[in-house]
Amino acid sequence: MAAAPPPKADELQPHPPKEQLPSVSFCITSPPPWPEAVILGFQHFIVMLGTTVIIPSALVPQMGGGNEEKARVIQTLLFVAGINTLLQTFFGSCLPVVMGGSYTFVAPTISIILAGRYDNEADPHEKFLRTMRGTQGALIIASTIQIILGFSGLWRNVVKLLSPLSAVPLVSLVGFGLYELGFPAVAKCVEIGLPELILMVAFSQYLPHVLHSGKGVFGRFAVLFTVSIVWLYAYILTISGAYKNAKLKTQAHCRVDRSGLIGGAPWISVPYPFQWGAPTFDAGECFAMMMTSFIAIVESTGAFIAASRYASATMIPPSIVSRGIGWQGIGILLDSFFGTANGTSVAVENVGLLAVTHVGSRRVVQISAGFMIFFAVLGKFGALFASIPLPIFAGMYCVFFAYVGACGLSFLQFCNLNSFRTKFILGFSFFIGISVPQYFNEYASVSGHGPVHTGARWFNDMINVPFSNKPFVAGLVAYFLDNTMHLHQSAVRKDRGYHWWDKFRSFKKDARSEEFYSLPFNLNKFFPSV
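On a predicted model such as this, the values are computed, not experimentally measured, just so you know. (Residues numbered from 1 in each chain as written. Predicted model: local features only at pLDDT ≥ 70, side-chain atom pairs only at ≥ 80, totals over all residues. Heavy atoms only, no water.)

Structural notes on unusual backbone geometry
Here Ser23, not a glycine, exhibits a phi torsion of approximately 70 degrees, which is positive. Residue position: Ser23 is located in the segment before α1 (34-63). Judged by its relative accessible area of 64%, Ser23 is exposed. With phi around 60 degrees, Ser312 is a residue other than glycine that occupies positive phi space. Take Ser312: its relative accessible area is 11%, and that puts it in the buried class. (Helix = DSSP H or I, 4+ residues; strand = E, 2+ residues; numbered from the N terminus. Buried < 20%, exposed > 50% of the residue type's maximum accessible area, 1.4 Å probe, protein only.)

Have a look at this one:
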């Protein structure tokens, strides 16, 4: 077969790979002016509220709690999320990531709720307390796996073998894998969810390029503009009686006065450790929660990589990922102490917000943590923002999760896409990463339980939960194939892009690592990164 002729001097060439993302207005170490930083921080707070409300709203009623318990759990989750975000940004990965509730922990929590030992409890409030204590005990044990893998450096050794090729399916499905929380949730109240989605695209992508004056304002503060407009629109629909005769489920999703949070929240309240009582422990539930904790490690690793990209930092070194995972484990330990009924991981939606605003400043996210703690203590005011209808958040998620998924695809610039090895690993890991969880989820929706169904509920969760998780399955398949297939061939190292990240595998190999990821107060002297 004849070779292609060499390109002429004036012929267009492919775009060159970039180690750092250009066109970011404020990178990880360059904060915006204080007024702008405060508004951007408030925007991050608004975005993380969606998950903070959705998870307790789904779990607390099943635990036996009412509106008051739900409001207190949301308040506690918000308070601990603020503390964990500050710990992560100061001492963990040092990336601009919000640490909030994780959907990954929902399945084992529901398994604890359905445990037979709580069936004989007639008092709903007492059942709620007992279930919460059981969840706390499981989370205490689950936190140890992240603390050990993170601070011992064992996870660093795993991440060192990650190449751009194997990172693509992992990071992509951290975003794309949450598609159930996008348009399906928008459609639960399409008359407010769809306008939010359309306005979000218009404000963030079109208006900045159409307007000649103030064009940066609409793109950077798209969340505040669109949420204010659609929330006001939903309020008008509510008070005008548009849902007066609607089904209860429709009213719950569309009306602005059906969350029950404002009435159930106290005016001022500070969450405190073991406010629900002393934790209880069950060995099986602890094992299941530990497996879930491991899945959260994999997901957060993908989210850390995406956040480093959108913050215009260099590729996060494996030792920094490991340090971040260790502090995430501390975060789960705090979750268990305070009683959030959920574990902590990187908030994927807030990583997407970094891309929408083009602002990857660490200070902005730290300011958002201040808002979380402030509004958690002032319960009524926090509940007001938390009562935003959830389809509005779903409309924003369609944009944020898409950006995170696209970040994963962007690492293909370091790979040889003309290699059949590359094509197989990419295609197979994506396909299996979507197909296997789909099978597990469909099986569970039809039969009420996963494909693995034994008498030990904890064992079922240890198998069903990981294989229902898209980024975990895709990342595992890609990682295994990329580190075992044809490694003896000389071109493989270059094809998989491994050489591009060589300088970032050790903290001290690239001077920029010190700028982006070093600890404050000269703590690197006591906690060296390798």
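Topic: the environment of Ala202
In this fold, Ala202 is placed in helix α8 (residues 190-210). For the pair Ala202 and Phe385, spaced 183 residues apart in the sequence, the C-alpha separation amounts to 23 Å. When neighbours within four sequence positions are excluded, Ala202 is seen to be in contact with Leu207 and Pro208. (Contact = heavy atoms within 4.5 Å.)

So, the packing of helix α6 (residues 164-176) against helix α18 (residues 390-410)
At a minimum axis distance of 7 Å, the contact between α6 and α18 shows a crossing angle of 170 degrees. Taken together, the axes of α6 and α18 are roughly antiparallel relative to one another. Packed against α6, whose contacting residues are Val168, Val171, Ser172, Val174, Gly175 and Phe176, the element α18 presents Phe401, Ala402, Val404, Gly405, Ala406, Cys407, Gly408 and Leu409 at the interface. Looking at side-chain class alone, the contact of α6 with α18 contains ten nonpolar, four polar and no charged residues. (Axes fitted to C-alpha atoms, helices over the stretch in contact; angles between N-to-C directions. Parallel < 35°, antiparallel > 145°, perpendicular 65-115°, else oblique. Nonpolar A, V, L, I, M, F, W, Y, C, P; charged D, E, K, R; others polar.)

What about empty space enclosed by the protein?
Under the criterion given, the structure shown has five cavities of 30 Å³ or more. Here the largest cavity defines a volume of roughly 90 Å³. Considering the residues around the largest cavity, the lining is formed by Ala71, Ile74, Gln75, Leu78, Leu261, Ala265, Phe375, Ala376, Gly379, Gly382, Ala383 and Ala386. Of all the secondary-structure elements, those providing two or more residues to the lining of the largest cavity are α2 (67-91), α16 (362-377) and α17 (379-386). Taken together, the residues that form the lining of the largest cavity break down as nine nonpolar, three polar and no charged. Looking at the second largest cavity, the residues that line it are Glu19, Ile305, Ser308, Arg309, Ala313, Thr314, Met315, Phe411, Phe414, Trp500, Trp501 and Phe504. (1 Å grid on protein atoms, 1.4 Å probe; cavity = no way out; pocket = protein on both sides within 12 Å on 5 of 7 lines; lining within 4 Å. Points joined across faces, edges and corners; volume = space filled by probe spheres on them.)

Quick look at the environment of Gln205
Tracing the chain through its elements places Gln205 in helix α8. Note on Gln205: relative accessible area 32%, which makes it partly exposed. Remark: the alpha-carbon pair of Gln205 and Phe218, spanning 13 residues in sequence, is separated by 9.2 Å.

Thoughts on the packing of aromatic side chains
Per the stated rule, a full pass over the model turns up 35 aromatic pairs. Measuring from ring centre to ring centre gives 5.4 Å for Phe42 and Phe385, while their planes differ by 75 degrees; the resulting arrangement is edge-to-face. Separated by 343 residues along the polypeptide, Phe42 in helix α1 and Phe385 in helix α17 bring together distant segments of the chain. These aromatic residues form a ring-pair network of at least three members: Phe42, Phe45, Trp231, Phe371, Phe374, Phe375 and Phe385. Over the face of the ring belonging to Trp267 we find Lys380, whose NZ or CZ atom lies 5.8 Å from the ring centre. A cation over a ring is seen here: Arg505 above Tyr498, with NZ or CZ 3.6 Å from the ring centre. (Phe/Tyr/Trp six-rings, centres within 6.5 Å; stacked < 30°, edge-to-face > 60°. Lys NZ or Arg CZ within 6 Å of the ring centre and 35° of its normal.)

Here we look at α6
Here α6 contains 13 residues, and its C-alpha end-to-end distance of 18 Å stays within 8% of the 18 Å for a straight helix at 1.5 Å per residue. The buried fraction of α6 is high, at twelve of 13 residues. For α6, every residue scored as buried is listed here: Pro164, Leu165, Ser166, Ala167, Val168, Pro169, Leu170, Val171, Ser172, Leu173, Val174 and Gly175. (Expected span 1.5 Å × (residues − 1).)

Describing the state of the cysteines
Each disulfide consists of a covalent bond between the sulfur atoms of two cysteine residues. Here the structure, examined in full by the defined rule, presents one disulfide. Disulfide pairing is shown between Cys189 and Cys254; the S-S distance is 2.0 Å. Where Cys189 bonds to Cys254 through sulfur, the torsion about that S-S bond is close to 125 degrees, and the disulfide is right-handed. Taken as a pair, Cys189 in the loop between α7 (183-186) and α8 and Cys254 in helix α11 (residues 248-254) lie far apart in primary sequence, 65 residues in all. Looking at Cys189, the relative accessible area reads 1%, which means it is buried. For Cys254, a relative accessible area of 1% corresponds to the buried category. Looking at the unpaired Cys94, the closest cysteine sulfur is the one in Cys27, lying at 14 Å. (Disulfide = S-S within 2.5 Å.)

Focus: the UniProt feature "transmembrane region" (unreviewed entry) in the protein chain
Listed under "transmembrane region" (unreviewed entry) in the UniProt record, and renumbered for this structure, are residues 38-61, 73-91, 97-116, 137-155, 217-239, 364-386, 392-412 and 424-440. Here residues 38-61 is 100% helix and 0% strand, with 35 Å between the C-alpha atoms at its ends. Taken as a whole, residues 97-116 contains 40% helix and 15% strand, while its terminal C-alpha atoms sit 38 Å from one another. (UniProt positions renumbered as here; feature names shortened; annotations may be inferred.)

Points about the nonpolar core
With 121 residues, the main nonpolar core has Phe45, Val223, Ile316 and Phe400 as its most contacted residues. Not counting residues up to four positions away in its chain, the partners in contact with Phe400 are Val47, Met200, Val223, Glu349, Gly352, Leu353 and Val356. (Core = buried A, V, L, I, M, F, W, Y, C linked by side-chain atoms within 4.5 Å.)

Brief notes about the packing of helix α4 (residues 124-151) against helix α14 (residues 318-338)
Interaxial distance between α4 and α14 falls to 7 Å at its minimum, and their mutual angle equals 165 degrees. Of the possible angle classes, the one that applies to α4 and α14 is roughly antiparallel. For the pair α4 and α14, the crossing hand works out as left-handed. For the contact of α4 with α14, a count of residues per class yields twelve nonpolar, nine polar and one charged. (Left-handed = near helix turned anticlockwise from the far one by under 90°.)

Structural notes on a nonpolar patch on the surface
Taken together, the side chains of Leu232, Tyr235, Ile236 and Ile239 make up a nonpolar region of the molecular surface, amounting to roughly 410 Å² of accessible area. Positionally, Leu232 belongs in helix α10 (residues 222-239). (Patch = residues over 30% accessible without salt bridge, like charges linked within 9 Å, V, L, I, M, F, W, Y side chains within 5 Å. Areas by Shrake-Rupley, 256 points an atom, 1.4 Å probe, with all protein chains shown as cover. Salt bridge = Lys/Arg side-chain N within 4 Å of Asp/Glu carboxyl O.)

Topic: the pattern of salt bridges
Close approach of charged atoms allows side chains of opposite charge to pair. Inspection of every chain in the model, using the stated rule, returns twelve salt bridges. Put simply, Glu36 and Arg220 hold a salt bridge, and the shortest N to O gap is 2.6 Å. Here Arg220 lies in helix α9 (residues 215-220) and Glu36 lies in helix α1, a separation of 184 residues in the sequence. In this structure, the salt-bridge partner of Arg117 is Glu285, at a minimum N-O distance of 2.7 Å.

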